[in-house]
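# Understanding the architecture of this molecule
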Amino acid sequence: MANQKPPKEDFSLKETSPNISGRRVSTGPMTAFDLVEHMQYLFVRVVKARGLPAIADPYVELKLGNYRAITRHMVKNPNPEWNQVFAFSKDRIQVVSVEILVKDKAVVAEGSDHRTIGKFGFALAEAPTRVPPDSPLAPQWYMLEDKNKARIGGELMLSFWIGTQADEAFPEAWHADVAAVSGEGVSSTRSKVYLSPRLWYMRVNVIQAQDLVLKDKNKKTAEFFVKAQFGNLILRSGVSPNKTVNPTWNEDLMFVVAEPFDDPLVVSVEEKLNNNKEESVGRIVVPLGDVAKRNDAAAAAPKWYDLGMVEVVAGVQKEVKFASKVQMRVSLDGGYHVLDEPAHSTSDLRPTAKILWKPPIGVLELGILNATGFSPMKPKNQVDAYCVAKYGMKWVRTRTVVDSLSPKWNEQYTWEVYDPCTVITIGVFDNGNLQDKAAMDLSIGKVKIRLSTLETDRIYTHSYPLVALQPSGVKKMGEIQLAVRFSCPNMLNLLQLYSQPLLPKMHYVLPLSIYQLASLRHQAALILWLRLSRAEPPLRKEVVDCMLDATAHLWSFRRGKANFDRIIKLFDGLVALFKWFDQIRKWTNPLASAIVYITFVFVLCQPGLTIAAVFLCLSFRGALDYRKRPRQIAHIDTELSHAYDVHPEDLDEEFDSFPSKKTGDVLKRRYDRLRGIAGRIQAVLGDIATQGERVQSLLSWRDPRATALFVIFCLIVGIVFCVVPAWWLALFAGTYVMRPPYWRINIPTFPQNFLRRMPAKSDSIL
């Protein structure tokens, strides 16, 4: 019993029935938030005050039972303005009245409590209910009272109401559940919407240079190359094949740039010296505002640029021009879609240029309801969870629910959909920078939903398992409950997209290589992180990398086995068909073999009806399978991912950084194992190449006798097909294949023997 494996966790998708207005008949006011459960909040907006003592440093304090919230204080200001909103969850309010105090912070230095200037209170039952799209409530002036309820000269302007998370004041409000967070950490708890910058591919086509000046005058030949720099990224061309002072390259250097174009393009021509050093012979600075934008495959006009050098004259840097020139085509290619996600799970397929965009075909609505079953991720046994959802250029971030293992967000977001064959990604993270800015936001789990698998105008409510692969193995981190709806007003426009190319036309007219796309995707992910990290609150690098699957291209033995199994399963049907036919031709079941042979003869007699019958059978089979169609959204399959049977050493390799931080025997062991795997792959690739080369050698005369036999065979077969009807030959071939085992010899056939004797290029490999 001690050796038994622990039971596997339940990673299945569960359908839920949340109390959302989109699935029930509502009797109250309707809002746009119909995919989430409505949560009521008491909102208090503190606007300003007047008539306070001139020597006071006033601030406002709100008291609701054990809850306490304060505004920022104003120094020596009798008429301060705060304009701050506070939100208190109505489910947690245990009192019937709210007390609002205006206090003076100036007496702190004297060592006593803050002096109360005046106060105001109201009963919770007096708060009106507001439901958008109603206009915001107008704030009013309220007289302040002292502790004896006598009026004083000061007044406080504020408004208070009962609302839901649909209220426009909700995202910017100070929430009572973040009372333990102080300072700058409060801003990182609020919900925000981010927009990715518009990304462009910048193509720098370096053509040639003229009249370059050699650094070593005694050299008769020189090796020149071009170095292009944009921001912190540097790309290099190859060395010019003609080693003269007029080199040519005709090579493309591709960058990803984002609007607004702050940095210029710096291009320099470098010379390789004998001591393996490189020295610049001139450079140019090209502002991106001067670069032409193109939307089609027409090449940009070539342009000559004067090369210059920066010299120090009398302690001042000065740009010196001389006769050397370089010819380039520089363009911003707006006809491409800048890939920032893996191609198989991209969330946007539009080209960069807005003039090429087509109207949206639908709307995607996402309701992020709640999560359950979280495990503590901090030393104090707490989780400060928030969600990030990305679709297209729009990122959304929910508010952080502080110190809760079962957080409730109930926030709803909307995106325009331009193509249904796209994927929305929802990630759950633990906010690590509430107290420590250096801490990372750890990933709790991630969910991906492909829009093309959703029925239009149907609300999907499921609880998704948050699956994480850790160095100790696969683990269920909890579950998140989502509501998803994909609406499409015009079904004809939606169906029309299935006949159009997936990517913009430029990807097919002027395709980029696999290596270029990999490099450009890495650049795009880096630019997105740099831009989103400048927002407030910022999206951290680990969050952006997780949402963009930035490490998906790295080697993983586990994913390699999973992809191999996927390939094997694709051929399961063909293998089963081959085994069935082998039993038929061996007459294992004489009745079934006889029926197959009679069907074969009928097909030869009526070939037209056969093709129609095949398509009708496929149509009938598809119609029958409609009732068995999948009702749930596809989710992570731990069995297919080999998440359970993965070896600890494979996990250690998968979680290692790139480049690796391991040394010594660990790297040696990994390298030897990789060599063993690569050796088997090499043998399989060699066998495939050998079979293809044998077919090619049938007419190559590498083996003159075999090629002569094949030529004579083709001549005879051609004459036979001209004389004998084709269906007779097919009938003869089918009868020969279906002959009973009594007339069969289990040795390879003549074509197999002949092909195996043909030469291949494997003899020429060293």
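Quantities reported herein were computed from a predicted structural model and do not represent experimental measurements. (Residues numbered from 1 in each chain as written. Predicted model: local features only at pLDDT ≥ 70, side-chain atom pairs only at ≥ 80, totals over all residues. Heavy atoms only, no water.)

Roughly 650 Å³ of volume is contained in the second largest pocket. In terms of lining residues, the second largest pocket is bounded by 26 residues, among which Pro351, Leu356, Lys358, Gln500 and Pro504 are the most central. Mapped onto the lining of the second largest pocket, the elements with two or more residues apiece are α1 (491-496) and α2 (506-509). A breakdown of the residues in the lining of the second largest pocket according to their chemical character gives 16 nonpolar, five polar and five charged. Each of two domains, domain 2 (199-333) and domain 3 (354-548), supplies a minimum of three residues to the lining of the second largest pocket. (1 Å grid on protein atoms, 1.4 Å probe; cavity = no way out; pocket = protein on both sides within 12 Å on 5 of 7 lines; lining within 4 Å. Points joined across faces, edges and corners; volume = space filled by probe spheres on them. Helix = DSSP H or I, 4+ residues; strand = E, 2+ residues; numbered from the N terminus. Nonpolar A, V, L, I, M, F, W, Y, C, P; charged D, E, K, R; others polar. Domains from an automatic or database assignment.)

Moving on: the nonpolar core. The biggest cluster of nonpolar side chains holds 39 residues, and the ones touching the most others in it are Ile449 and Ile480. Contributing elements (two or more residues each) for this core: β21 (362-372), β22 (385-391), β24 (408-417), β25 (423-430), β26 (442-450), β27 (459-470) and β28 (473-487). Not counting chain neighbours up to four residues away, the residues in contact with isoleucine 480 comprise Ile368, Asn370, Ala371, Cys387, Trp409, Val428, Val447, His462, Ser463, Tyr464 and Leu466. One finds Val44, Ile93, Phe120 and Val186 within the second-largest nonpolar core, a separate group that totals 36 residues. (Core = buried A, V, L, I, M, F, W, Y, C linked by side-chain atoms within 4.5 Å. Buried < 20%, exposed > 50% of the residue type's maximum accessible area, 1.4 Å probe, protein only. Contact = heavy atoms within 4.5 Å.)

Below, the discussion takes up the pairing of strand β14 (residues 233-236). As defined by bridge partners, strand β13 (residues 223-230) adjoins β14 across four bridges and the pair is classed as antiparallel. Bridge assignment links alanine 228 to a residue of β14, and that residue is leucine 235. Hairpin geometry of β13 and β14 is characterised by an intervening segment of two residues between the two adjacent antiparallel strands and by a positive phi of about 65° at glycine 231. (Pairing = 2+ DSSP bridges.)

Moving on, we get to the side chain of glutamate 365. Looking at where glutamate 365 falls in the secondary structure, it is placed in strand β21. Residue classification places glutamate 365 among the buried residues on the basis of a relative accessible area of 13%. A distance of 2.9 Å separates polar atoms of two side chains, one belonging to glutamate 365 and the other to arginine 485. (Polar contact = N/O pair within 3.5 Å; in protein donor to acceptor, adjacent residues only side chain to side chain.)

Running from amino to carboxyl end, helix α3 (residues 514-532) crosses helix α4 (residues 541-548) at an angle of 140°, the nearest separation of the two axes being 9 Å. In terms of orientation, α3 lies oblique with respect to α4. Relative to α4, the crossing made by α3 is right-handed. When α3 is examined against α4, the residues Arg521, Ala525, Leu528, Trp529 and Leu532 are found in contact with a partner set consisting of Lys541, Val544 and Leu548. Counted by class, the contact of α3 with α4 contains six nonpolar, no polar and two charged residues. (Axes fitted to C-alpha atoms, helices over the stretch in contact; angles between N-to-C directions. Parallel < 35°, antiparallel > 145°, perpendicular 65-115°, else oblique. Left-handed = near helix turned anticlockwise from the far one by under 90°.)

What the rule picks out here adds up to 15 aromatic pairs. Between phenylalanine 120 and tyrosine 142 the ring centres are 4.5 Å apart and the planes differ by 35°, which places this aromatic pair in the tilted class. With a gap of 22 residues between them, phenylalanine 120 in strand β7 (residues 115-123) and tyrosine 142 in strand β8 (residues 140-145) connect regions that are remote in the sequence. Just as phenylalanine 120 is buried, tyrosine 142 falls in that class too. Here the aromatic residues Tyr41, Phe43, Trp161 and Phe170 are joined through ring pairs into a cluster of three or more. We note lysine 394 situated over the ring of tryptophan 415; from NZ or CZ to the ring centre the distance is 5.5 Å. Geometry around tryptophan 529 places lysine 541 over its ring, the cationic atom sitting 5.8 Å from the centre. (Phe/Tyr/Trp six-rings, centres within 6.5 Å; stacked < 30°, edge-to-face > 60°. Lys NZ or Arg CZ within 6 Å of the ring centre and 35° of its normal.)

This part takes up the domain arrangement of the protein. Size of an interface, as often reported, equals the accessible area lost when the parts are brought together. The assigned domain composition of the protein is domain 1 (39-179), domain 2 (199-333), domain 3 (354-548) and domain 4 (557-764). Summarising the inter-unit geometry, the C-alpha centres of domain 1 and domain 3 are found 37 Å apart. Contacts between the two partners involve seven residues from domain 1, matched on the other side by seven residues from domain 3. Carbon and sulfur atoms make up 53% of the surface buried where domain 1 meets domain 3, a total of about 560 Å² over both sides. (Buried area = accessible area lost by both parts, 1.4 Å probe.)

Spatial ordering of the open sheet is given by β1-β27-β28-β21-β24, a layout of five strands whose pairing is antiparallel. Here the strands that pair on one side only, and so sit at the sheet edges, are β1 (14-15) and β24. For β1 and β27, the ladder comprises two bridges, and the chain directions are antiparallel. In the strand pairing of β27, lysine 14 is matched with serine 463.

Here we take up helix α5 (residues 557-570). Taking 1.5 Å per residue, 14 residues should reach 20 Å; α5 reaches 20 Å between its end C-alpha atoms and fits that length. In this structure, the buried residues of α5 make contact with β27, α9 (648-654) and α10 (665-696). (Expected span 1.5 Å × (residues − 1).)

Turning our eyes to something else, we now look at the UniProt feature "transmembrane region" (unreviewed entry) in the protein. The sites that carry the UniProt feature "transmembrane region" (unreviewed entry) are, in the present numbering, residues 594-620 and 708-730. Between the C-alpha atoms that bound residues 708-730 there is a distance of 26 Å. The span itself is 91% helix and 0% strand. (UniProt positions renumbered as here; feature names shortened; annotations may be inferred.)

The geometry of helix α6 (residues 572-585) relative to helix α7 (residues 590-605) is characterised by a closest axis approach of 8 Å and an angle of 100° between their N-to-C directions. Looking at the two axes, α6 sits roughly perpendicular to α7. Taken together, the residues of α7 that come into contact with α6 (itself represented by Trp580, Gln583 and Ile584) are Ala592, Ser593 and Val596. Taken together, the residues that form the contact of α6 with α7 break down as four nonpolar, two polar and no charged.

What follows is about the sheet that holds β22. Taking strand neighbours across the sheet as the criterion, the five strands line up as β11-β23-β22-β25-β26 in an open arrangement whose pairing is antiparallel. Of all strands in the sheet, those bounded by a partner on one side alone are β11 (192-195) and β26. Ignoring strand direction, the axes of neighbouring strands in this sheet form an average angle of 15°. Where β22 lies against strand β23 (residues 394-397), four bridges are found, and the strand directions are antiparallel.

Next up on the list: empty space enclosed by the protein. Over the atoms rolls a probe the size of a water molecule, and its path tells where empty space is left. Counting across every chain of the model gives two cavities of 30 Å³ or more. For the largest cavity, the calculated volume is near 220 Å³. Taken together, 18 residues line the largest cavity, and the ones lying closest to its centre are Leu199, His337, Val338, Asp348 and Met393. In this model, the second largest cavity occupies a volume close to 40 Å³. Lining the second largest cavity, in full, are Ala173, Trp174, His175, Val178, Val186, Thr189, Arg190, Arg399 and Thr400. Class assignment of the residues belonging to the lining of the second largest cavity gives a composition of four nonpolar, three polar and two charged.

This brings us to a nonpolar patch on the surface. Taken together, the side chains of Ile567, Leu570, Phe571, Leu574 and Val575 define a hydrophobic patch exposed on the protein surface, amounting to about 510 Å² of accessible area. Residue assignment for the nonpolar patch shows that the elements contributing at least two residues are α5 and α6. Here phenylalanine 571 shows up in the loop between α5 and α6. You can call phenylalanine 571 partly exposed: its relative accessible area is 44%. (Patch = residues over 30% accessible without salt bridge, like charges linked within 9 Å, V, L, I, M, F, W, Y side chains within 5 Å. Areas by Shrake-Rupley, 256 points an atom, 1.4 Å probe, with all protein chains shown as cover. Salt bridge = Lys/Arg side-chain N within 4 Å of Asp/Glu carboxyl O.)

With that settled, consider the environment of valine 96. By the element assignment, valine 96 lies in the loop between β5 (81-89) and β6 (97-104). The exposed category is assigned to valine 96, whose relative accessible area is 67%. Excluding residues that lie within four positions of it along the chain, valine 96 makes contacts with Ala123 and Leu124.

In a regular helix each residue adds 1.5 Å, so 20 residues correspond to 28 Å; helix α11 (residues 704-723) covers 29 Å between its end C-alpha atoms and thus fits that length. The set of residues buried in α11 consists of Ala706, Thr707 and Phe710. The arc that holds the buried residues of α11, viewed along the axis, is 95°, so those residues lie on one side. Exposed residues on α11 whose side chains face more than 90 degrees from its buried face are Arg705, Leu709, Leu715, Cys722 and Val723. (Arc of directions from axis to C-beta.)

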